[in-house]
Amino acid sequence: MSDVYVVGAGMTPFGKHPDKTAAELGAAAVLEALDDAGVSLGDIEAAWVGSVFQGMAMGQRALGEGGISGIPITNVENACSSGSTAIWGAAMSIKAGEYDVVLALGVEHLTGAFRGAFTPDESDVEAQRGLTMPAVYAMRAQRHFAQYGTTSEQLAAISAKNKRNAVANPLAQFKKPVSVDEVLASRMIADPLHLQECAPVSDGAAAVVLASKRKRAALGGSRAVRLAASALKSGRAEVGLKDMTVEDLTWRAAEEAYERSGIGPSDVRFAEVHDCFSIAEALRVEGLGLFPHGEYPARVVKGEADLDGRLPVNGSGGLLGKGHPLGATGVAQVVEVVRQLRGEAGARQIPGARVGLAHCRGGKAQGVEGTACTVNILTV
Amino acid sequence: MTSMEAATAMMKRPYEVEGGLVRLRAGRCPECGAVYCPARLVCDGCGHRGLEEILLAPRGTIYTFTTVHQSTPEFRTPYHLCYVDFDEQVRVMLPAAGDERPRIGEAVEIVLGTGPRLVDAEPEEGPHALMVAWTATGKGEGDV
């Protein structure tokens, strides 16, 4: 079974791109990733493409725009984990020995596609009763408040941190820092979550070129990053009365990634996690075992998750600051980890970073804890 | 009735009214006792096919809640949502009747109503017909 390496990474700016199609965004990310890897169009043996609301054959449309056709292309929809599921599939095909160079792309164009809040699928009973995605996390936040004494000010500090980090990321959607007071002054979406605690509607694409150990050696160069583990899980059926502040789904994905990589939570130097809402970041890092359960929001206020803190979280700006083009998000997280590990993260560089973790978790469906969750651990 | 017909019937009218009390239909696994609301074809816990229909208690306890201020155009905002825990060890999400802010730990009972959805349908049609309202005795029964 071959080790898997990320040999190339590319990403468009995240934000509003009303003048571009999803295919154009996807192709731009792919071409940057190919150039970064030093491989040509003909070197790509297979591709996995994640998107959520882009319709049929997003992969063929984006790769066709980018000059790639004829190879196996697998289109993936796994809610917000679509892009990271594409990475998981691409990595599996290399580990299986079938291919040496495989592309993973995530792409989404949402400008003008939605009004109001995101909801689960309209066939979902809870969605028919009024459940929105912000409401899902708002209700979990209320439990975090009640069980651990977490406050709105502490959650707002998570948003303020990520939006501050985004200012140092030229590809991020938000360019201005936002204070805790400004977060709390923004309008309420679902109590206790304010507008500035919810990920925005975004367009964008991100791509990585994965290679086997053999191909990585042939390519030469020293910028390859090892994908030490890629784990994918789906949410278990909700039976009984469980603690909604505990992320069983996140932990099961993390546990597999830790076991497969031999890298434990105490070895992780920094993390990109799925902060679709401020409270979500807390639930993720606590679920990953990176911070003690119930304590993360208070520790953010102390600066422990800052770029110069004990364990920087979402140094890219995260979904809250960088933007959240659903299918692209999971790939963009890995692009960020790769750039950090290569020392190419510019003003947001984490000194001496050698182990990074990317966590992506998406979706809600009646009767299951969550749709899909990936944990990717990368190292140099 | 086939399981498919039963599932369809439950979607249309997911409750029974007995003596003025509204009780949700649910499915219980005859093998391991796991309860699902709504019911499903196969028990996730033990794989048993075919759940027996039960009616949940007419009252439950608020596990958590939110007030939704932004939704999709089909809903009038603001509205309250709750996850309600029932003695049968099952948790169900329901909109709350009235303007009062829900509280964790509060006892509630099921009432019928149109909920926050902007629809012309009769209240007893469809899953959005269900709501919860405070019981007279349930106020202030502590937190968490």
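Preceding this section is the structure that the text describes.
Residues numbered from 1 in each chain as written. Chains lettered and ligands numbered in written order. Predicted model: local features only at pLDDT ≥ 70, side-chain atom pairs only at ≥ 80, totals over all residues. Heavy atoms only, no water.

Chemist: Summarise the packing of helix H6 (residues 152-167) of chain A against helix H10 (residues 278-287) of chain A; cite the residues concerned and give the values.
Modeler: Residue and element names in this part refer to chain A. The N-to-C vectors of H6 and H10 enclose an angle of 95°; their axes lie 8 Å apart at closest approach. Our classification of the angle between H6 and H10 gives roughly perpendicular. Where H6 approaches H10, its residues Leu155, Ile158, Ser159, Lys161 and Asn162 are matched on the opposing element by Ser278, Ile279, Glu281 and Ala282. Residues belonging to the contact of H6 with H10 are distributed by class as follows: four nonpolar, three polar and two charged. (Axes fitted to C-alpha atoms, helices over the stretch in contact; angles between N-to-C directions. Helix = DSSP H or I, 4+ residues; strand = E, 2+ residues; numbered from the N terminus. Parallel < 35°, antiparallel > 145°, perpendicular 65-115°, else oblique. Contact = heavy atoms within 4.5 Å. Nonpolar A, V, L, I, M, F, W, Y, C, P; charged D, E, K, R; others polar.)

Chemist: So what about the sheet that holds strand E11 (residues 372-379) of chain A? Which residues, and what values?
Modeler: Residue and element names in this part refer to chain A. Pairing is mixed across the open sheet formed by nine strands, whose spatial order is E3-E2-E4-E7-E1-E8-E11-E10-E9. The sheet is open, and its two borders are formed by strand E3 (73-76) and strand E9 (270-272), each paired with just one other strand. With direction set aside, neighbouring strand axes in the sheet form an average angle of 25°. Pairing between strand E10 (residues 355-362) and E11: eight bridges, direction antiparallel. (Pairing = 2+ DSSP bridges.)

Chemist: Go over the interface of chain A and chain B with me, naming the residues and quoting the values.
Modeler: Taken residue by residue, the interface counts 34 residues in chain A and 40 residues in chain B. Summed over both sides, the interface between chain A and chain B buries roughly 3200 Å², with carbon and sulfur atoms accounting for 58% of that surface. Three residues, A:Arg129, A:Met139 and A:Leu241, lead the burial of chain A against chain B; their summed loss comes to 25% of the area buried on that side. The interface formed by chain A and chain B includes one salt bridge. Residue B:Arg101 pairs with A:Asp191 through a salt bridge whose shortest N-O separation is 2.7 Å. Breaking the side of chain A that touches chain B down by element, the ones donating at least two residues are helix H4 (125-128), helix H5 (133-148) and strand E5 (188-190) of chain A. Top contributing element to the side of chain A that touches chain B by residue count: H5(A), with seven residues. In the side of chain A that touches chain B, the residues fall into 15 nonpolar, ten polar and nine charged. (Buried area = accessible area lost by both parts, 1.4 Å probe. Salt bridge = Lys/Arg side-chain N within 4 Å of Asp/Glu carboxyl O.)

Chemist: Just give me the short version of the packing of helix H3 (residues 82-95) of chain A against helix H13 (residues 326-342) of chain A, but keep the residues and values in it.
Modeler: Residue and element names in this part refer to chain A. The N-to-C vectors of H3 and H13 enclose an angle of 60°; their axes lie 4 Å apart at closest approach. The pairing of H3 with H13 is recorded here as oblique in orientation. Of the residues in H13, those in contact with Ser82, Gly83, Ser84 and Ile87 of H3 are Gly327, Gly330, Val331 and Val334. For the contact of H3 with H13, the residue count by class is three nonpolar, five polar and no charged.

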